Amino acid sequence: MTRVKLRHFLFQNASWLSAGVLLTFLSSFGQTFFISVFAGEIRAAYGLSHGAWGGLYSLGTTVAAVVMIWAGGLTDIFRVRVLGPLVLAGLTLAALSMALNNRLFLLPIVIFLLRLFGQGMSTHLAQVAMARWFTATRGKALSIASLGYAVGEALLPVIFVAAMVFLDWRLLWVVAAGVTVLGIPVLMRLLRLERTPQSLSGDHIATGMQDHHWTRSEALRNSLFWFMVPAILAPSAFITAFFFHQVHLAQVRDWPHIQLVALFPVFTGVSILSMFAAGWALDKWGTARIMPYYQLPIGVGFAILSVTNTITGALIGLIFLALTVGANNTLPSAFWAEFYGTRHIGAIKALATAVMVLGSAIGPALTGALIDYNVTLGTQFMWIAAFFVVVSSLVWTGIHRAKTAF
């Protein structure tokens, strides 16, 4: 896409793309990279070990994953202009609950609300809208919408870690709630002329395999979906685990936490470049050629992190992680639309989002329990690196079989 065409694309679709950016940015307050900034304070406030905190986090996140199977399908029925404000209102309530709650038994409910409305529905709404509204430029639209997440990942941890020197951690959750509630009128303004799912006909509906609009039940009976499940689950599980245990990692490697957090903007910058490169590539070649290989860099990154003891080594490892994370913000959403069509994309992607959220529940719980059993993060990271090689092989097999069959 030339610069002139890109400017025209951005100008013509500014309101829709901006709505996607806003939703993905505000999803940050329910993402692990943000919640984990407060891990030390939360564990101290409730008297939790690494394993207990990971277990509670996993419980709340797992329930959010189950609810996402139903809630995500609402995007096939209601407009983003209707669902978006409700989701952001729920995220506001969740952030306030984290600020005000002092009961241990309520903590999993608070985590559930943050994960459902933040990581789950805010991200899902943005990605489904981009996948549905754009066909030939789907990759670019998804990449642009994901910029909000990237900006949040780059800036919010640094800002809030620095702010904790001066402000109580609970007050900072009130700030997060305030930022979120301000996003509601902005989103409604951006989507005042939003298309409805029912109006998306002709140019805006694309079929999938066999020139067919696959339903969710049909996708579940298709083997390709199950070959893809590990690829959806793995990045979410282990990137979440990395950010979730960032405080512990810094402690065991004898790095100042702020020094580790200061690397995150580099991580985000590389992920943005990777995200746009993946968007350009999938618009040019489609997802089938790219999906089997894009998770190999994250395996290299975890292998590096397993052995390095220097902050420079951590930076190199994070760069390799970012190559996969950036592409992961774009490729899977486009994959579902390309292979299964867009008519039921909300319901089908809701399943994928549920698996992704479930992965983010499994990662912290598994790694936290292993830490409690004295399995070091270095050892775990090497196992994780090997797992990503297996995942890539499964994706290649699934896509190869699907292309042969269809």
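Residues numbered from 1 in each chain as written. Predicted model: local features only at pLDDT ≥ 70, side-chain atom pairs only at ≥ 80, totals over all residues. Heavy atoms only, no water.

## Things to note about the overall build of the chain
Stated precisely, the cut-off is as follows: Numbered from the N terminus, helices here are DSSP runs of H or I no shorter than four residues, and strands are runs of E no shorter than two. What the globule rule says is 2.2 Å times the number of residues to the power 0.38, and the radius of gyration is computed from C-alpha atoms. Working definition: with a 1.4 Å probe on protein chains only, accessible area under 20% of the residue-type maximum means buried, over 50% means exposed, and in between means partly exposed.
A tally of regular secondary structure across the chain gives 20 helices and 0 strands. Against the compact-globule benchmark of 22 Å for 406 residues, the chain has a radius of gyration of 20 Å, which places it among compact chains. Summarising its shape, the C-alpha atoms of the chain cover approximately 55 × 45 × 40 Å along the three principal directions. Taking all 406 residues of the chain together, 61% fall into the buried category.

## A few points about helix 19 (residues 345–372)
Put simply, the rule reads: Each residue after the first adds 1.5 Å to the expected span of a helix.
With 28 residues, helix 19 extends 41 Å from end C-alpha to end C-alpha; this agrees with the ideal 40 Å at 1.5 Å per step. Of all 28 residues that make up helix 19, 22 are buried, and the element is covered over most of its length.

## A few points about the packing of helix 12 (residues 223–244) against helix 16 (residues 296–307)
Under the convention used in this document: Each axis is a line fitted through C-alpha atoms, taken for helices only over the stretch in contact, and angles between the N-to-C directions span 0 to 180 degrees. Crossing handedness: left-handed means the near helix sits turned counterclockwise from the far one by under a right angle, and right-handed means the same turn made clockwise. The criterion used for residue contact is that any of the two residues' heavy atoms lie within 4.5 Å.
Taken N-terminus to C-terminus, the directions of helix 12 and helix 16 make an angle of 30°; their axes are 12 Å apart at the nearest point. Our pair here, helix 12 against helix 16, has a crossing hand that is left-handed. In this structure, helix 12 contributes Phe238, Ile239 and Phe242 to the contact, and helix 16 contributes Ile298, Phe302 and Leu305.

## Quick word on helix 7 (residues 107–133)
We apply this condition: Two axes enter the bend calculation: one fitted to the seven residues ending at the residue in question, the other to the seven starting there, and the bend is the angle between them.
The first and last C-alpha atoms of helix 7 sit 38 Å apart over 27 residues, in line with the 39 Å expected at 1.5 Å per residue. The largest bend in helix 7 comes to about 30°, at Met121. Where burial is concerned, most of helix 7 is hidden: 26 out of the 27 residues are buried.

## Description of the side chain of Arg43
The condition that has to hold: Working convention for charge: Lys and Arg count positive, Asp and Glu count negative, and His plus the chain ends are omitted. Any carboxyl oxygen of Asp or Glu that lies within 4 Å of a side-chain nitrogen of Lys or Arg is treated as forming a salt bridge with it.
Topologically, Arg43 is positioned in helix 4 (residues 39–46). Buried charge without a salt bridge: Arg43, with Asp372 as the nearest opposite-charge side chain at an N-O distance of 7.9 Å. Setting aside residues up to four positions removed in sequence, Arg43 forms contacts with Leu48, Ser49, His50 and Trp53.

## Comments concerning the nonpolar core
Selection criterion: Working definition of a nonpolar core: buried Ala, Val, Leu, Ile, Met, Phe, Trp, Tyr and Cys residues. They are joined through side-chain atoms within 4.5 Å.
The biggest cluster of nonpolar side chains holds 135 residues, and the ones touching the most others in it are Phe38, Trp53, Trp173, Phe302, Trp336 and Tyr340. Per-element tally for this core: the top contributor is helix 7, with 16 residues.

## Structural notes on the packing of aromatic side chains
Defined as follows: Working definition: rings of Phe, Tyr and Trp (its six-membered ring) pair if their centres are within 6.5 Å, and the pair is stacked with planes under 30 degrees apart, edge-to-face with planes over 60 apart, and tilted otherwise.
Evaluation of the coordinates by the stated rule reveals 27 aromatic pairs. Judged by centre distance (5.4 Å) and plane angle (85°), the ring pair of Phe33 and Tyr149 falls under edge-to-face. Highlighted residues: Phe33 in helix 3 (residues 32–35) and Tyr149 in helix 9 (residues 147–163), separated in sequence by 116 residues. Tyr149 shares its class with Phe33; the two are buried. When the ring of Phe225 is compared with that of Trp336, the centres are 5.5 Å apart and the planes differ by 40°; the resulting orientation is tilted. Highlighted residues: Phe225 in helix 12 and Trp336 in helix 18 (residues 331–340), separated in sequence by 111 residues. Note on accessibility: Phe225 and Trp336 belong to one class, buried. Connected via pairs of aromatic rings, a cluster forms that spans Phe33, Tyr149, Phe238, Phe242, Phe243, Phe264, Phe267, Phe302, Phe381, Phe387 and Phe388.

## Re the side chain of Gln295
This is how it is decided: Polar contacts, as used here, are pairs of N or O atoms within 3.5 Å; protein pairs need one atom able to donate a hydrogen and one able to accept it. Residues neighboring in sequence count only if both atoms are side-chain atoms.
With respect to the helices and strands, Gln295 occurs in the loop between helix 15 (264–285) and helix 16. Its relative accessible area of 2% is what places Gln295 among the buried residues. Separated by 2.8 Å, the side chain of Gln295 and the backbone oxygen of Ala231 make a polar contact. Setting aside chain neighbours within four positions, we find Gln295 in contact with Ala231, Ala234, Pro235, Thr324, Phe388, Val391 and Ser392.

## Looking at a nonpolar patch on the surface
For the record, the criterion: Patches here are clusters of residues that have more than 30% relative accessible area and form no salt bridge, with a 9 Å joining cutoff for like charges and a 5 Å cutoff for nonpolar side chains (Val, Leu, Ile, Met, Phe, Trp, Tyr). Here the open area of atoms and residues is found with the Shrake-Rupley method and a 1.4 Å probe, where only the protein chains shown may cover a residue.
On the surface, a nonpolar cluster with roughly 700 Å² of combined accessible area is contributed by Leu96, Leu100, Val165, Phe166, Leu167, Leu171 and Val174. Elements supplying a minimum of two residues to the nonpolar patch: helix 6 (80–100) and helix 10 (169–190). Its location among the elements puts Val174 in helix 10.

## What about the packing of helix 2 (residues 14–26) against helix 9?
Angle between the axes and distance between the axes are the two parameters that describe a pair of packed helices. The following threshold applies: Side-chain classes are defined by residue name, with Ala, Val, Leu, Ile, Met, Phe, Trp, Tyr, Cys and Pro counting as nonpolar, Asp, Glu, Lys and Arg as charged, and the others, Gly among them, as polar.
Between helix 2 and helix 9, the shortest axis-to-axis distance is 6 Å and the interhelical angle comes to 40°. Between helix 2 and helix 9 the crossing geometry is right-handed. Contacts between helix 2 and helix 9 pair Val21, Thr24 and Phe25 from the former with Gly148, Tyr149, Val151, Gly152 and Leu156 from the latter. Its residues placed into classes, the contact of helix 2 with helix 9 shows 5 nonpolar, 3 polar and no charged.

Remember, this is a structural readout, not a statement about activity or role.
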